[in-house]
Amino acid sequence: MPEAVVEINDVSKRFRIYHERNTTLKQSLVARRRGRFEEFWAVRDVSVEIPEGESLGIIGENGSGKSTLLKCVAGILVQDKGTISVRGRLASLLEVGAGFHPDFTGRENVYLNGAILGLPRKYIKSIMDTIVEFAELEQFIDNPVKTYSSGMYTRLGFAIAVNLDPDILVVDEVLAVGDEAFQRRCMERINIMRSEGRTLVFVSHALGSVRAVCDRCIWMDHGVARKIGGVDAVVDAYLAEVNRREEAELDVGEASDVDTSPGRMGVRITAVDLLGADGPAVVLNTGEPLTVSIEYEAPVPLRGARFSVTFLRGDGAPILTVPTDDLETADAALPRQGVVRLSLPGVPFLEGFYRVTVDITEIASGQHYKRLERVRPFRVHSAEHRETGMAVLGHSWELPQVGTGAIRR
Amino acid sequence: MLLELVRRDVKSRYRGSVLGVGWTLLNPLIFMLVYSLVFGKFLKVHYPGGSATVFILSGLLAWTFFSQALIMATGSIVANATLVRKVAFPWMLLSVSSVIAALVNFAISLLLLIPFMLLSHKGVGIPVLAAPVLVAITFALSLGLGLMLAAGNVYLRDLSYLVNLGTLIWFYATPVIYPFTLVSSKFSGHGLEGEAAHAVIYANPMTWVVLGFQDVFVFDRWPQHWHGLGYSAVFSLLSIWLGLRVFRRLRRRFAEEV
């Protein structure tokens, strides 16, 4: 086993949360102390060794201490307990383009930023063309960066960082920016660095990238390393926990009983339920089966009624309305009380938060007997899907014959 | 790295202004004219050495260097908050570079002396070799105090206002717009107030530096107050020592507090 290049031993970091912060002199003099504050341990007793050439991911919810731990490793924050030892040249990329000066041109900022990250001017000069090309800014490199779009800004910052040539690279969530194509090139670049045997510490919410890039992973939970191990095992455990928590929240929260008051002609919807493969579904993955069941009651048998279910996105935009077949229901007399079910063999929606709108309509007049809007919130996860957008469709790709030799980039 | 930071500090000062470097010259020029008009012409202060303009200018340039360095250094960490929060590098260089940037401005502003010295038929001889020593003392003093203030300013933002105000007052405790001889003769025998003012001016390390500049540029002679200068030099070195200690101690929490 290769030697550890980063050793984190029982590291804890404490922050102060100020209630009334005395940043002005008057307050300090009056209060004698720098405000009342509570201490808060952002990271508690974390230990991990990173051997040379390993990629370690750090995942966890917001506020779980991931970035704090990373900043301690990068030397920006100083831990209050424990030790961190680093062997080799460490470069950290916690924010792309931190320290850019808006009035300076792209080229001037490359020199400045490179210098701050520890590169000599000569070296930067020699790789200037590579940086400019990587950032795709040939035309704009001599304009002030304040005229750049945020994408251009990011590309330039990242282009500098990937050319830093460190032994250990510490990266915080920077891949979340930039367009798809640029992100992919960054990943490619990171993979090249890995294949060169460099060590990587990587914080991200994009679990897909973590799986793709990292060998091992730490799951941080309220400052504690909840689980450390192989990347797949840790990410799976984390996802399971997130789903569990969300389920609990949605259950207590919005998914309470629906409005069962009678509508037109005394028709009532007594219950709307979402069912998954095994029981009530609040959180599910793309592609899993989903059934919407509607229980109704009417004073007389229902004639000429149409049921429909509309799926809405979290922001309220309707995605899909599925009505019952008029030919089937126009002449039928449905019992005074019953259950209507709509089944999807696989939920097509991608990552997001959804609700349903349910209604019963009189076909002849087009008027609603009863309509329940935006009920039954549910959450869909699609961590395993590469598609982006709103929904998946069955598809297949055909590619030209691929040679057996090495793929040239 | 330091070079790039200085480059940034100097350049960013002039970006977007029409006159650019001209301001470095114009600023002390205007002040000098105002002071020599008010004090020399209206109040009839007698400036030794014959020329009110050269006298005021030589002290004013040194003072401007000092005060600018101090003010810029005080804000140096807070002004670069995004950098300090996100990038680990020797943050002290931010303060050092702002003092060096002030030094560069000072070097440029020295050009102002040339026309006025020519006008009053003055020249400089060998004693000008003492100027680098004077500059070094000023540099060390502003850097030492600047490091303390820069670090303190992260935790207590009032410091930057206090420094602005403080330098304004300190200016009047330094014999820039009045000759030192006026103080040393007049205040003796003026009771407690006179004694106090006397003590303040004598204790002020910048007094001796400014006097040195006046000796070199106005009188074309070696600085006369060696004891005073020695005191200033020791004071500066102590301030650097203390500045480093304070900065090193306070920087642990910079990234959280800035």
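**So, the overall build of chain A**
Next, step 1: From N to C terminus, chain A includes 9 helices and 20 strands.
Next, step 2: For chain A, with 409 residues in total, the buried portion stands at 33%.
Next, step 3: For chain A, the share of sequence-separated contacts (at least 6 apart) that also reach a separation of at least 24 residues comes to 71%.

**Some thoughts on the packing of helix H4 (residues 121-135) of chain A against helix H5 (residues 150-162) of chain A**
All names here are of chain A.
Next, step 1: Where H4 meets H5, the axes come as close as 8 Å, and the angle between the chain directions of the two elements is 140 degrees. Here H5 runs oblique to H4, going by the angle between their axes. For the pair H4 and H5, the crossing hand works out as right-handed. When H4 is examined against H5, the residues Ile-131, Phe-134 and Ala-135 are found in contact with a partner set consisting of Arg-155, Leu-156, Ala-159 and Ile-160.
Next, step 2: When its residues are assigned to classes, the contact of H4 with H5 shows 6 nonpolar, no polar and 1 charged.

**Let's talk about the packing of helix H3 (residues 52-79) of chain B against helix H11 (residues 205-217) of chain B**
All names here are of chain B.
Next, step 1: The contact between H3 and H11 brings their axes to 9 Å, and the two run at 140 degrees. Accordingly, the angle class assigned to the pair H3 and H11 is oblique. In this structure, H3 crosses over H11, and the sense of that crossing is right-handed. Of the residues in H11, those touching H3 at Val-54, Phe-55, Ser-58, Gly-59, Ala-62, Trp-63 and Phe-66 are Met-206, Val-209, Val-210, Phe-213, Gln-214 and Phe-217.
Next, step 2: Broken down by class, the residue content of the contact of H3 with H11 amounts to 10 nonpolar, 3 polar and no charged.

**Details of the domain arrangement of chain A**
Next, step 1: If you check the domain split of chain A, you get domain 1 (54-245) and domain 2 (264-381).
Next, step 2: Here the C-alpha centre of domain 2 of chain A lies 46 Å away from the C-alpha centre of domain 1 of chain A.

**Some words on the sheet that holds strand S13 (residues 290-297) of chain A**
To summarise the sheet geometry, strands pair through backbone hydrogen bonds and adopt either a parallel or an antiparallel arrangement.
Residues and elements named next belong to chain A.
Next, step 1: As summarised here, the arrangement of the 4 strands in space is S11-S10-S13-S18, forming an open sheet in which the pairing is antiparallel. In this open sheet, the two strands that pair with only one neighbour each are strand S11 (279-280) and strand S18 (337-344).
Next, step 2: Across 8 bridges, the pairing between S13 and S18 is antiparallel. Residue pairing in the sheet places Glu-297 in a bridge with Gln-337 of S18.

**A closer look at the interface of chain B and chain A**
Frequently, the measure chosen for interface size is the accessible area that the parts lose on association.
Next, step 1: Facing the 18 residues of chain B at the interface are 24 residues of chain A.
Next, step 2: Mapped by element, the contributors of at least two residues to the side of chain B that touches chain A are helix H1 (2-14), helix H4 (81-86) and helix H13 (254-257) of chain B.
Next, step 3: In terms of residue class, the side of chain B that touches chain A is built from 7 nonpolar, 3 polar and 8 charged.

**Description of the pairing of strand S19 (residues 352-362) of chain A**
Residues and elements named next belong to chain A.
Next, step 1: Here strand S15 (residues 305-313) runs beside S19; their pairing, made up of 9 bridges, is antiparallel. Opposite Ala-305, over in S19, you have Glu-362 as the bridge partner.
Next, step 2: As paired strands, S19 and strand S20 (residues 368-381) are joined by 8 bridges and run antiparallel to one another. Pairing of Ile-360 across the sheet is with Lys-370, part of S20.
Next, step 3: Linking S19 back to S20 in an antiparallel pair, the connection comprises 5 residues, with Gly-366 at a positive phi of about 75 degrees.

**Let's talk about the sheet that holds S19(A)**
Residues and elements named next belong to chain A.
Next, step 1: Read from one edge to the other, the open sheet built from 5 strands follows the order S12-S20-S19-S15-S16, with strand pairing classed as mixed. The strands lining the two open edges of the sheet, one partner per strand, are strand S12 (283-285) and strand S16 (318-323). Each adjacent strand pair in this sheet contributes to an overall mean axis angle of 30 degrees, direction not counted.
Next, step 2: Of the strand pairs in this sheet, S12 and S20 are connected by 3 bridges, and their pairing is parallel. Counterpart to Leu-284 in the pairing with S20 is Val-380.

**Description of unusual backbone geometry**
Residues and elements named next belong to chain A.
Next, step 1: A positive phi angle, near 45 degrees, is found at Asp-45, a position not held by glycine.
Next, step 2: Position of Asp-45 relative to the elements: it lies in strand S2 (residues 36-51).
Next, step 3: Of note in the backbone geometry, Arg-374 takes a positive phi value of approximately 50 degrees without being a glycine.
Next, step 4: On the basis of neighbour count, Arg-374 is assigned to the partly exposed category, with 14 C-beta atoms found within 10 Å.

**A word on the environment of Pro400(A)**
Residue and element names in this part refer to chain A.
Next, step 1: In this structure, Pro-400 sits in the segment after S20.
Next, step 2: Under the C-beta neighbour-count criterion, Pro-400 is labelled exposed, with 5 such atoms within 10 Å.
Next, step 3: The spatial distance from the C-alpha of Pro-400 to the C-alpha of Asp-221 is 46 Å, given a sequence separation of 179 residues.

**Points about the environment of Leu334(A)**
Residues and elements named next belong to chain A.
Next, step 1: Along the chain, Leu-334 turns up in strand S17 (residues 333-334).
Next, step 2: When the 17 C-beta atoms within 10 Å are taken as the criterion, Leu-334 is described as partly exposed.
Next, step 3: Placed 206 residues apart in sequence, Leu-334 and Met-128 show a C-alpha to C-alpha distance of 75 Å.
Next, step 4: The residues contacting Leu-334, other than those within four sequence positions of it, are Pro-301, Leu-302 and Ala-305.

**A few points about the nonpolar core**
Next, step 1: Formed by 143 residues in total, the largest nonpolar core has its most connected members in Val170(A), Phe202(A) and Cys217(A).
Next, step 2: Per-element accounting of this core gives the leading share, 17 residues, to H3(B).
Next, step 3: Contact partners of Phe202(A), with chain neighbours within four places excluded, come to Ser55(A), Leu56(A), Gly57(A), Ile58(A), Val171(A), Val210(A), Val213(A) and Cys214(A).
Next, step 4: Val282(A), Val309(A), Val358(A) and Phe378(A) belong to the second-largest nonpolar core, a separate cluster that totals 27 residues.

**Examining the environment of Asn153(B)**
All names here are of chain B.
Next, step 1: Tracing the backbone shows Asn-153 in helix H7 (residues 131-155).
Next, step 2: What makes Asn-153 buried here is the crowd of 25 C-beta atoms within 10 Å.
Next, step 3: On a C-alpha basis, the gap between Asn-153 and Ile-77 in space is 8.0 Å, while along the polypeptide they are 76 residues apart.
Next, step 4: Every residue in contact with Asn-153, bar those within four places of it in the chain, is listed here: Thr-74, Gly-75, Ile-77, Val-78, Leu-159 and Ser-160.

Reading the values: the criteria
- Residues numbered from 1 in each chain as written.
- Chains lettered and ligands numbered in written order.
- Predicted model: local features only at pLDDT ≥ 70, side-chain atom pairs only at ≥ 80, totals over all residues.
- Helix = DSSP H or I, 4+ residues; strand = E, 2+ residues; numbered from the N terminus.
- Buried ≥ 20, exposed ≤ 12 C-beta atoms within 10 Å, placed from the backbone.
- Contact = placed C-beta atoms within 7 Å.
- Axes fitted to C-alpha atoms, helices over the stretch in contact; angles between N-to-C directions.
- Parallel < 35°, antiparallel > 145°, perpendicular 65-115°, else oblique.
- Left-handed = near helix turned anticlockwise from the far one by under 90°.
- Nonpolar A, V, L, I, M, F, W, Y, C, P; charged D, E, K, R; others polar.
- Domains from an automatic or database assignment.
- Pairing = 2+ DSSP bridges.
- Core = buried A, V, L, I, M, F, W, Y, C linked by C-beta atoms within 7 Å.

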